[in-house]
Amino acid sequence: MIKNKYNVVGVMSGTSLDGVDYCWVEFSKNKHWSFKILAAETVSYSTAMKTQLSAAISLNSNELNQLNQDYTKYLGHGVNAFIQKHSILNLDAVCSHGHTVLHQPEKGLTLQIGNLPKLADYIQQMVVCDFRVQDVALGGQGAPLVPIGDALLFSQYDYCLNLGGFANISFQHNNQRIAFDICPANIILNHFVQSLGLSFDKDGTYAAQGALHLPLLEALNTLSFYHKSPPKSLGLEWVQNEVFPLVERFPLATESLLRTFVEHTAQQIVLVLKQYNLKHGLYTGGGVLNSFLMNRIAALLGHNIPMADTSIIHYKEAVVFAFLGVLKLRNEVNCLQSVTGAKHDHSSGEIYFNAI
């Protein structure tokens, strides 16, 4: 039903496996869209679930199907706990990204687990989910999907940069929105810092102690992905096939690996910003809390980077996936051809109704 206000919960799990973001949002449509975050939190994965998700890419079809069932139930419990904790009533929908375990758009493949119709029954709410599959079927990359939210909710910025598992960017260019993955970010940093017994490098402390290794940096900067034109996107498979084998050629201390990858990420981001002459940006995602990384980006840019509101840094993607669900309920475009390379703009996602 088309109306001016929507009361929804956005659910997001990123490739860095930090946990599941739950965000209760009210959207209003007058002349322009606006939103208000009513409550939000990140629930860390249990050790068992994190281990399962880390290994998901290597599972056979039966094992992956079981994980999909289990993860859908896991999300159901998480959504119910969030709704109960915040006494949320009269929801229009729960809008969920699911968790990506397979993303090979060049082969017409993408899979986000946790998007089974059973989710609507578990939570007894309408569910809007599985936003990527239709775009890939239309010849698109299926990613990134956040730019429609950037365009309609954050238009005061020249560009929006998210530092999650991967660094991705969205901006207006030649009167259309374009967006693409720039390079890996937390997916690499979090992986290597595990050897120090940590899940992430707080403030980039260990990276700051490492020595920059120029041969590895040069090898990383010459990876073929960086020479491709948008639209383009990255996945865990690319990291495993392209990055990890490259790193194995350089037996370095963990601190040196972290230092070199921070520099690589900063350099690739700044190259894009300078190529498109982008100035005033909104920086979000867990990587923004890595002060060493942010300082390296600022140093290469030659100016300070203003920090966004904490709730936006942490929950912007959950807000936008909630918004994608609202647009789907309205049958309005939520996936842009100019961003993904699909055959045309479209309204993507599945709508599931709970059984009475």
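**Q** If you had to explain the pairing of strand S8 (residues 159–163) to someone new, which residues and values would you point to?
**A** For S8, the buried fraction is high: five of the five residues fall into the buried class. Residues Tyr-159, Leu-161 and Leu-163 line one face of S8 and the alternating positions Cys-160 and Asn-162 line the opposite face, and both faces are buried. Here S8 runs beside strand S9 (residues 166–173); their pairing, made up of five bridges, is antiparallel. Within the sheet, the bridge partner assigned to Leu-161 lies in S9 and is Ile-169. Once S8 ends, the chain turns through two residues before running back antiparallel as S9. As paired elements, S8 and strand S11 (residues 281–284) share four bridges and run parallel to each other. Residue pairing in the sheet places Tyr-159 in a bridge with Gly-281 of S11.

**Q** I'd like to hear about the sheet that holds strand S1 (residues 5–13), residue by residue, with values.
**A** Read across the sheet, six strands follow the order S3-S2-S1-S4-S7-S12 without closing on themselves; strand pairing throughout is mixed. Looking at the sheet topology across the chains shown, the edges are occupied by strand S3 (33–43) and strand S12 (350–352). The mean inter-strand angle of the sheet, taken between neighbouring strand axes irrespective of direction, is 20°. Two elements, strand S4 (residues 93–96) and strand S7 (residues 127–129), share three bridges in a ladder whose sense is parallel. When the sheet's bridge partners are listed, Val-94 is paired in S7 with Val-127. The sheet strands contacting helix H2 (residues 61–85) are S1, strand S2 (20–29), S3 and S4, and the helix crosses S2 at an angle near 60°. Along the sheet face, helix H12 (residues 310–329) touches S1, S2, S3, S4, S7 and S12 and points at about 55° away from the line of S2.

**Q** So what's going on with the side chain of Asp-92? Residues and values would help.
**A** With respect to the helices and strands, Asp-92 occurs in the loop between H2 and S4. Separated by 2.5 Å, the side chains of Asp-92 and Lys-3 make a polar contact. Among residues more than four places away in sequence, those in contact with Asp-92 are Lys-3, Lys-5, Tyr-6, Asn-7, Val-8 and Met-126.

**Q** I'd like a rundown of the layout of surface pockets, residues and numbers included.
**A** Gaps left between atoms are located by rolling a probe of water-molecule size over the structure's atoms. Roughly 330 Å³ of internal volume is contained in the second largest pocket. Glu-106, Lys-228, Ser-233, Leu-234 and Trp-238 are the residues nearest the centre of the second largest pocket, which is lined by 17 residues in total. Put simply, the parts of the chain that give the lining of the second largest pocket at least two residues each are strand S5 (99–104) and helix H9 (236–247). Here the element with the most residues in the lining of the second largest pocket is H9; it accounts for four residues. Its residues assigned to classes, the lining of the second largest pocket comprises five nonpolar, seven polar and five charged.

**Q** Before we move on, can you summarise the packing of helix H1 (residues 47–54) against H2 with the specific residues and values?
**A** Orientation of H1 relative to H2, taken along the N-to-C sense of each, is 140°, at an axis distance of 12 Å. As judged from the angle between their axes, H1 and H2 are oblique. Crossing angle aside, the handedness with which H1 passes H2 is left-handed. In this structure, H1 contributes Met-49, Gln-52 and Leu-53 to the contact, and H2 contributes Leu-67, Tyr-71 and Tyr-74. Taken together, the residues that form the contact of H1 with H2 break down as five nonpolar, one polar and no charged.

**Q** Kindly report on the pattern of salt bridges, identifying the contributing residues and their values.
**A** Taken as a whole and judged by the stated rule, the model has seven salt bridges. Notably, a salt bridge pairs Glu-26 with Lys-5, separated by 3.9 Å at the nearest N-O pair. Placement of the pair is Glu-26 in strand S2 and Lys-5 in strand S1, with a sequence separation of 21 residues. By relative accessible area, which is 27% here, Glu-26 ends up partly exposed. A single salt-bridge network, built from bridges that share partners, covers Arg-259, Glu-263 and Arg-296.

**Q** Summarise the state of the cysteines; cite the residues concerned and give the values.
**A** For the coordinates displayed, the defined rule picks out zero disulfides. This cysteine, Cys-95, is not joined by any disulfide, and Cys-129 carries the nearest cysteine sulfur, 9.3 Å off. Cys-95 sits in the buried class, given a relative accessible area of 0%. For Cys-129, a relative accessible area of 0% gives the class buried.

The rules behind each value
Residues numbered from 1 in each chain as written. Predicted model: local features only at pLDDT ≥ 70, side-chain atom pairs only at ≥ 80, totals over all residues. Heavy atoms only, no water. Buried < 20%, exposed > 50% of the residue type's maximum accessible area, 1.4 Å probe, protein only. Helix = DSSP H or I, 4+ residues; strand = E, 2+ residues; numbered from the N terminus. Pairing = 2+ DSSP bridges. Axes fitted to C-alpha atoms, helices over the stretch in contact; angles between N-to-C directions. Contact = heavy atoms within 4.5 Å. Polar contact = N/O pair within 3.5 Å; in protein donor to acceptor, adjacent residues only side chain to side chain. 1 Å grid on protein atoms, 1.4 Å probe; cavity = no way out; pocket = protein on both sides within 12 Å on 5 of 7 lines; lining within 4 Å. Points joined across faces, edges and corners; volume = space filled by probe spheres on them. Nonpolar A, V, L, I, M, F, W, Y, C, P; charged D, E, K, R; others polar. Parallel < 35°, antiparallel > 145°, perpendicular 65-115°, else oblique. Left-handed = near helix turned anticlockwise from the far one by under 90°. Salt bridge = Lys/Arg side-chain N within 4 Å of Asp/Glu carboxyl O. Disulfide = S-S within 2.5 Å.

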